[in-house]
Amino acid sequence: GRMKPVIVVHGGAGQIFKEQEKGCRSGVVRAALQGYGILKQGGTALDAVEQAVQSMEDDPHFNAGCGSVLNEKGEVEMDAIIMNGKNLASGAVSAVKCVANPIKLARLVMEKTKHALLTDRGAHLFAQAMGVPEIPGEKLITERSRERWKNHLEPDSNPEEFQKDLGTVGAVAIDSEGNVACATSTGGLSNKLIGRVGDTACIGSGGYADNCSGATSTTGHGESIMKVVLARLILYHMEQGMSPEMAADTALDYMMTRVGGLGGVVVVNNSGEWAARFSTKQMSWAAVKDDQLYYGICTGERHTKSVDEALASESEGF
């Protein structure tokens, strides 16, 4: 039976500042529409999530690729993962520098090596071997990221503030063959220690995809997400018969009560039901199903328009 394709993307949970809202909203919508375009032409869920995430990595509004936050030394170190629900194949990279699209490198790790995760220098050498163009680290740094880094260095800065602006980008999809996939990419936490790797690169935490149940991509406080293995936990709840929305809420509630962690998720199950849920103040998200686009940022916010209308108005921005 042919499935109706679905894609759901997020641009990170946390606090999105007013002047960033418009850019975040149009960024997730653009990513979702690009991924859906691939699915509509019969493309794979894997290609769709990779394209959606790449689109957000290239958008400086998000903490991934260009626009990533800086570590304690003022450098960009990025993590990414991609997973194929058909055979549980997965590829990830952590603490990578000087690459425009870590998600593409993660896909290469999945397809060109026997490994699931490459880190730091090894990932760099692998990128060179694969002919991935190296770009100067400064090219990934935006004025906004540098400002935040400087502010966090102030002696009276409050590290809890980091919790407020936790962008990670991600996508989940189901294609017309009924295969699911997930992809997640991030610059991590602002002013993190060198070599800090969060949930994003970890299978089952930053993302998980299994045709038997569905796919999920997470965002939020990485250390908390790792402690509860959030992505896999959501799929477990769906295996127990919960809807994507119920599974997401149950898992996010557990993370909050058990370890005090905030976050957000996008989920699709193997019958094409989807959800975008978060316990933070905000999470930019967008979904496309049945040629209808849905998107929002704040709790309870859900706009709808047809894909045709969205594509037409995309040129004018939102």
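Rules and cut-offs
The numbers attached to residues start from 1 for each chain and follow its sequence in the written order. It should be noted that, the model being predicted, local features are given only for residues of pLDDT at least 70 and side-chain atom pairs only at 80 or more, the latter also being counted only at that level, while totals for whole chains, interfaces and linings use all residues. Only hydrogens and water are removed before side-chain values are computed, so all heavy atoms of the structure are retained for them. UniProt positions are given in the numbering used here, feature names are shortened, and annotations may be inferred rather than shown by experiment. Helix numbering and strand numbering both begin at the N terminus, where a helix is a DSSP run of H or I of at least 4 residues and a strand a DSSP run of E of at least 2. Contact definition: two residues touch when any of their heavy atoms are within 4.5 Å. Salt bridges are defined by distance alone: a side-chain nitrogen of Lys or Arg within 4 Å of a carboxyl oxygen of Asp or Glu. Throughout this description, buried means an accessible area under 20% of the type-specific maximum (1.4 Å probe, protein chains only), exposed means over 50%, and partly exposed covers the range between. Ring pairs are drawn from Phe, Tyr and Trp, using the six-membered ring of Trp, whenever the two centres fall within 6.5 Å, and their geometry is named by plane angle: stacked under 30 degrees, edge-to-face over 60, tilted for the rest. A pocket here means an open set of points on a 1 Å grid, computed over the protein atoms alone, that has protein on both sides within 12 Å along at least five of seven lines. A cavity is instead a set of points where a 1.4 Å probe fits but cannot get out; residues with an atom within 4 Å of a point line either one. Grid points are joined across faces, edges and corners, and a volume is the space filled by probe spheres set on the points. Under this grouping Gly is polar, as are all residues other than the nonpolar Ala, Val, Leu, Ile, Met, Phe, Trp, Tyr, Cys and Pro and the charged Asp, Glu, Lys and Arg. By this definition, two strands are paired if DSSP reports at least two bridges between them. Axes here mean lines fitted to C-alpha atoms, for a helix over just the part in contact, with angles spanning 0 to 180 degrees between N-to-C directions. Note on terminology: angles under 35 degrees are roughly parallel, angles over 145 are roughly antiparallel, angles of 65 to 115 are roughly perpendicular, and the others are oblique.

Peer 1: Help me understand the UniProt feature "active site" (unreviewed entry) in the protein in this model?
Peer 2: Sites flagged by UniProt as "active site" (unreviewed entry) map to T168. Mapped onto the secondary structure, T168 falls in the loop between α5 (143-153) and β5 (169-174). Residues contacting T168, with those up to four places away along its chain left out, are H10, G11, G12, N63, T184, S185, T186, T200, T218 and T219.

Peer 1: What's the story with the pattern of salt bridges in this structure? I'm lost.
Peer 2: Two side chains bearing opposite charge may form a pair once their charged atoms approach each other closely. Counted according to the given criterion, the structure contains 17 salt bridges. Its salt-bridge partner being R277, residue D249 comes within 2.8 Å of it at the nearest N-O pair. Here D249 is found in helix α8 (residues 244-259), whereas its partner R277 is found in strand β10 (residues 274-278), with 28 residues between them in sequence. Using a relative accessible area of 23% as the deciding quantity, one classes D249 as partly exposed. Looking at R277, the relative accessible area reads 27%, which means it is partly exposed. Bridged by salt links that share partners, the residues K18, E21, R25 and E301 form one connected network.

Peer 1: Got a minute to help me understand the packing of aromatic side chains in this structure?
Peer 2: Applying the stated criterion across every chain yields a total of 2 aromatic pairs. Here the aromatic rings of W274 and W285 are separated by 5.7 Å at their centres, their planes lie at 45 degrees, and the arrangement is tilted. With a gap of 11 residues between them, W274 in strand β10 and W285 in strand β11 (residues 282-289) connect regions that are remote in the sequence. Grouping residues by exposure puts W274 and W285 together as buried. Consider the rings of W274 and Y294, whose centres lie 5.5 Å apart with planes at 40 degrees: the pair is tilted. Note that W274 is positioned in strand β10 and Y294 in strand β12 (residues 292-298), a separation of 20 residues in sequence. On the basis of relative accessibility, which here comes to 16%, the residue W274 falls in the buried class. We classify Y294 as buried; its relative accessible area is 18%.

Peer 1: I'm lost on the layout of surface pockets in this one. Help?
Peer 2: Any empty space left between the atoms is revealed when a probe the size of a water molecule rolls over them. Considering only enclosed or pocket space, the largest pocket measures out at about 300 Å³ in volume. Lining the largest pocket are 16 residues, with E245, A276, R277, F278 and G300 sitting closest to its centre. For the lining of the largest pocket, the elements supplying multiple residues, two or more each, are α8 and β10. Looking at which element gives the most residues to the lining of the largest pocket, the answer is β10, with 5 residues. Across the lining of the largest pocket, the residue classes tally to 7 nonpolar, 3 polar and 6 charged.

Peer 1: So what exactly am I meant to see when it comes to the UniProt feature "binding site: substrate" (unreviewed entry) in the protein here?
Peer 2: UniProt feature "binding site: substrate" (unreviewed entry): in the numbering of this structure it lies at R196, V197, G198, D199, T219, G220, H221 and G222. If you take the residues mentioned a moment ago, the ones lining the second largest cavity come down to R196, G198, D199, G220 and G222. Structurally, the position occupied by G220 is in strand β8 (residues 214-220). Following the sequence through the fold, H221 ends up in the loop between β8 and α6 (222-228).

Peer 1: What is the right way to read the sheet that holds strand β9 (residues 263-269) from this model?
Peer 2: Hydrogen bonds between backbone groups are what pair the strands of a sheet, and the pairing can be parallel or antiparallel. The sheet built from 4 strands is open, its strands ordered β7-β8-β9-β10 with antiparallel pairing. Because the sheet does not close on itself, it has two edges, and the strands there are β7 (207-210) and β10. Each strand of the sheet is rotated relative to its neighbour by a mean of 10 degrees, with strand direction disregarded. Bridge count for β7 against β8 is 4 bridges, and the pairing is antiparallel. Bridge pairing in β8 places Y208 opposite T216.

Peer 1: Even after reading the chapter, I still don't get the packing of helix α3 (residues 102-112) against helix α4 (residues 120-129), so can you show me in this structure?
Peer 2: The relative placement of two packed helices comes down to the angle between their axes together with the axis-to-axis distance. Across the interface, α3 lies against α4 with an axial gap of 11 Å and an inter-helix angle of 80 degrees. It follows from the interaxial angle that α3 and α4 lie roughly perpendicular. Residues L105, L108, V109 and K112 of α3 lie in contact with α4, whose contacting residues are A123, F126 and A127. Split by residue class, the contact of α3 with α4 holds 6 nonpolar, no polar and 1 charged.

Peer 1: What exactly am I supposed to notice about the sheet that holds strand β2 (residues 78-84) here?
Peer 2: The 9 strands lie next to each other as β4-β3-β2-β6-β5-β1-β11-β12-β13, forming an open sheet whose pairing is mixed. The sheet terminates laterally at β4 (117-119) and β13 (303-306), the two strands that pair on one side only. Here the strands of the sheet are splayed against their neighbours by 10 degrees on average, with no regard to which way each runs. Note that β11 and β12 share 6 bridges and pair antiparallel.

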